Amino acid sequence: MNIQGKLIIIGGAVDKGSFTENDLDKSATKNLNFFEEGILKRIIKESKNKELSRIEVITTASKIPREIGPEYVKAFNFLGAYNVDVIHIERREQASDEDVLNRLKSADVVMFTGGDQLRLTSILGGTPFHDILISKYRNEDFTYAGTSAGAAAASNNMIYQGSSQEALLKGEVKITSGLGLIDDVVIDTHFVQRGRIGRLFQAVVGNPKVLGIGLGEDTGLLITNGRQMEALGSGLVILVDGREIKDTNLTQVELGQPISINHLVTHVMSKHDKFDLDTFKMTIHSSQYV
């Protein structure tokens, strides 16, 4: 399938600054690196109409939607994008509201905030809003951006629960269906800071066709054509490739017992590095061998 839209998935804790302070310029200075090179700026750059793009912030995953939504509006405004608003969808019936659907149809960018990805999928999954979202991503010059829960929910396979400390005990990691914008990957967020590498290992060993993607905080991936990935932001992206696994005890041990895996391949990406989901080849931007 020739995907026309773009995905920008972010590991959480995006350094967008908080504009609740009175001294806006002073706050901006603290986050200068973000404003010049950060992920929200890239979202604007990649969008159909740049600073003029219609951006809708979706707060469904958040438990504090009325607080988090305006923060994103202020951040986008500071970066020169003023055609920004917030859509609050807190119940399933709201995802069928004609006004909400028309706003989605007119959007060039949707920005899904963090929170609980299971809340996001259980409210939006299978609704007219979800159907339009998928159609726009596949067929239009449209950008789906999501941070934390909004990133985890973007794929067809979604991790929604699992202890970091006990992630390699059989059954500790819970996976369900996400929003289904991209297949054959599973995405985990706050990855480096919360030590979630084991969660991806278990997700991948259960079906090695699926590529594990671990996103650090203030770190993301731009995915174009549904296949080409570029690392964004200040941190690391960890990829877990299970296609060359030689052996595991996964089906032999009881629930709660440790999992063994032989020959699991990992890659580490940083800013501007690229990865091709068709060839599974990685290109390091500043390779010492070029």
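Refer to the preceding data block for the structure.
Bear in mind that the values here come from a model prediction, so they are computed numbers and not experimental data.

What counts, and where the lines are drawn
Each chain has its residues counted from 1, running along the sequence as written. Two thresholds apply to this predicted model, a pLDDT of at least 70 for residue-level local features and 80 or more for giving and counting side-chain atom pairs, whereas whole-chain, interface and lining totals are computed over all residues. Based on all heavy atoms of the structure, the side-chain values leave hydrogens and waters out of the count. A 1.4 Å probe rolled over the protein chains alone gives each residue an accessible area, and that area as a share of the maximum for its type sets the label: buried under 20%, exposed over 50%, partly exposed in between. The way it works is that DSSP assigns letters per residue, a run of H or I at least four long becomes a helix, a run of E at least two long becomes a strand, and they are numbered from the N terminus. A pair of strands counts as paired when DSSP detects no fewer than two bridges linking them. Note on geometry: axes are C-alpha line fits, over the in-contact stretch for helices, and angles between N-to-C directions span 0 to 180 degrees. Only heavy atoms enter the contact rule, under which two residues are in contact if any of them lie within 4.5 Å. In plain words, nonpolar cores are sets of buried Ala, Val, Leu, Ile, Met, Phe, Trp, Tyr and Cys residues tied together by side-chain atoms within 4.5 Å.

Draft legend 1. Summary view of the pairing of strand β11 (residues 228-233). Buried residues dominate β11, accounting for five of its six residues. Inspection of the sheet shows β11 paired to strand β16 (residues 274-276) by three bridges, in the antiparallel sense. Directly across from E230, in β16, lies its bridge partner K274.

Draft legend 2. Representation of the sheet that holds strand β2 (residues 55-58). The strand order across the open sheet built from nine strands is β3-β2-β4-β5-β1-β10-β11-β16-β17, with neighbouring strands paired in mixed fashion. Strands at the two margins of the open sheet, each flanked by one partner only, are β3 (84-87) and β17 (281-283). Pairwise comparison of adjacent strand axes, ignoring direction, gives a mean angle of 20 degrees for this sheet. In the sheet, strand β4 (residues 109-112) pairs with strand β5 (residues 143-147) via four bridges, with the strands oriented parallel. Opposite F112, over in β5, you have G146 as the bridge partner. Against the sheet, helix α5 (residues 98-106) makes contact with β2, β3 and β4, and its axis sits at roughly 140 degrees relative to β3, the strand it touches most.

Draft legend 3. Just the nonpolar core, in detail. Among the nonpolar cores identified, the biggest contains 47 residues, and F129, I213 and L221 are the most heavily contacted of them. Sort the elements by how many residues they give to this core and helix α7 (residues 128-139) lands first, with five residues. Setting aside anything within four residues of it in sequence, one finds I213 in contact with V185, V186, I187, D188, L200, L221, M229, V237, I238 and L239. Core analysis: the second largest hydrophobic core is formed by 21 residues, I10, F76, V109 and M111 among them.

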